[in-house]
There are 2 protein chains.
Amino acid sequence: MKATVYVTIKENVLDPQGTAVQGALHTMGFAEVGSVRIGKYLELELDTNDKAEAEVQLKAMCEKLLANTVVEDYRFELEG
Amino acid sequence: MKATVYVTIKENVLDPQGTAVQGALHTMGFAEVGSVRIGKYLELELDTNDKAEAEVQLKAMCEKLLANTVVEDYRFELEG
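Basis of the calculations
Residues numbered from 1 in each chain as written. Chains lettered and ligands numbered in written order. Predicted model: local features only at pLDDT ≥ 70, side-chain atom pairs only at ≥ 80, totals over all residues. Heavy atoms only, no water. UniProt positions renumbered as here; feature names shortened; annotations may be inferred. Helix = DSSP H or I, 4+ residues; strand = E, 2+ residues; numbered from the N terminus. Rg over C-alpha atoms; globule rule 2.2 N^0.38 Å. Buried < 20%, exposed > 50% of the residue type's maximum accessible area, 1.4 Å probe, protein only. Areas by Shrake-Rupley, 256 points an atom, 1.4 Å probe, with all protein chains shown as cover. Lys, Arg positive; Asp, Glu negative; His and termini not counted. Charge placed at Lys NZ, Arg CZ, Asp CG, Glu CD. Expected span 1.5 Å × (residues − 1). Arc of directions from axis to C-beta. Contact = heavy atoms within 4.5 Å. Buried area = accessible area lost by both parts, 1.4 Å probe. Salt bridge = Lys/Arg side-chain N within 4 Å of Asp/Glu carboxyl O. Polar contact = N/O pair within 3.5 Å; in protein donor to acceptor, adjacent residues only side chain to side chain.

Chain A carries the name Phosphoribosylformylglycinamidine synthase subunit PurS in an unreviewed UniProt entry, which gives Paenibacillus curdlanolyticus YK9 as its organism. The annotation that UniProt attaches to chain A under Sequence similarities (unreviewed entry) is "Belongs to the PurS family." Per UniProt, chain A has the following entry under Pathway (unreviewed entry): "Purine metabolism; IMP biosynthesis via de novo pathway; 5-amino-1-(5-phospho-D-ribosyl)imidazole from N(2)-formyl-N(1)-(5-phospho-D-ribosyl)glycinamide: step 1/2."

Okay, structure coming up:
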């Protein structure tokens with residue numbers, strides 16, 4: 001079973017990496033770029049066919065390791 | 001117009017960050033985790049309503065700054 005996890009910085013938390021990329025894009029002439037937010041994108045292969053069990057495990061992984069839930073949100077998709 | 005960009009490491013390129021996360025998950029008891037690949041996820045706000053123009057601009061941004069096309073792939077979605 002394939003899982004895709006998206007970890008994003010919470011709406012009201014500053015994203016200095018995004019601001020830096022926005023500045024670089026402006027400098028390069030892409031004036032139409034407004035806000036930029038940068039997150040993480042993870043693809044995991046899970047050795048199980050039980051979707052409910054996979055969801056429980058993924059939630060635990062996100063809470064404990066993949067996302068810092070104080071400043072980050074996460075969501076995931078399961079397929080296969 | 002809102003753009004979402006996904007930058008992933010190419011299939012045949014090593015992903016040491018993913019390997020480290022996989023190892024950490026195993027150590028924490030998530031034995032069912034197979035391969036882990038880590039990429040970037042960007043949300044950009046574009047100040048234009050011309051979808052064709054936005055696609056051209058986004059492609060240029062990805063090629064020039066957002067992705068290292070030697071070792072990374074990218075794809076993007078446009079909405080709004």
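A. Spatial organisation of the overall build of chain A. If you tally the helices and strands in chain A, you get two helices and three strands. The order of α-helices and β-strands along chain A, N terminus first, is β-α-β-α-β. The C-alpha radius of gyration computed for chain A amounts to 16 Å, which surpasses the reference 12 Å derived for 80 residues by more than 25%, pointing to a less compact arrangement than a globule. For chain A, the spread of C-alpha atoms along the principal axes amounts to about 50 × 25 × 15 Å. Buried positions account for 39% of the 80 residues belonging to chain A. When the accessible surface of chain A is split by element, carbon and sulfur atoms take 50% of a total near 4,400 Å². Between the mean site of the 8 positive side-chain charges and the mean site of the 14 negative ones, chain A shows a separation of 4 Å.

B. Region of interest: helix α1 (residues 16-27) of chain A. End to end, α1(A) covers 16 Å across 12 residues, agreeing with the expected 16 Å (1.5 Å per residue, within 8%). Those residues of α1(A) not exposed but buried are A:Gly18, A:Val21 and A:Leu25. Taken around the axis of α1(A), the buried residues stretch over an arc of 65 degrees, which confines them to a single face. In α1(A), the exposed residues that point more than 90 degrees away from the buried face are A:Pro16, A:Ala20 and A:Thr27. Turning to α1(A), the residues buried within the fold contact β2 (33-46) of chain A together with β2 (33-46) and α2 (51-66) of chain B. The positive-phi residue at the C-terminal boundary of α1(A) is A:Gly29, with phi of around 105 degrees.

C. A look at the environment of A:Phe30. With respect to the helices and strands, the residue A:Phe30 is situated in the loop between α1 and β2. Residue A:Phe30 is classed as buried on the basis of its relative accessible area, which comes to 5%. Put simply, A:Phe30 and A:Ala20 are 10 residues apart on the chain and 14 Å apart in space, counted from C-alpha to C-alpha. Look past the residues within four positions of A:Phe30 in its chain and what remains in contact with it is A:Leu25, B:Gln57, B:Ala60 and B:Met61.

D. Molecular detail of the interface of chain B and chain A. Contacts between chain B and chain A engage 30 residues on the former and 30 residues on the latter. Here chain B packs against chain A, burying approximately 2,700 Å² in sum over the two surfaces, 67% of which is carbon and sulfur. Counting the surface chain B buries against chain A, the share from its top three residues, B:Phe30, B:Glu32 and B:Tyr41, is 23%. Summed over the shared surface of chain B and chain A, the result is zero salt bridges. Between the two partners, chain B and chain A, sit 10 residue pairs in polar contact (both at pLDDT 80 or more). Looking at the side of chain B that touches chain A, the elements with two or more residues in it are β1 (2-9), α1 (16-27), β2 and α2 of chain B.

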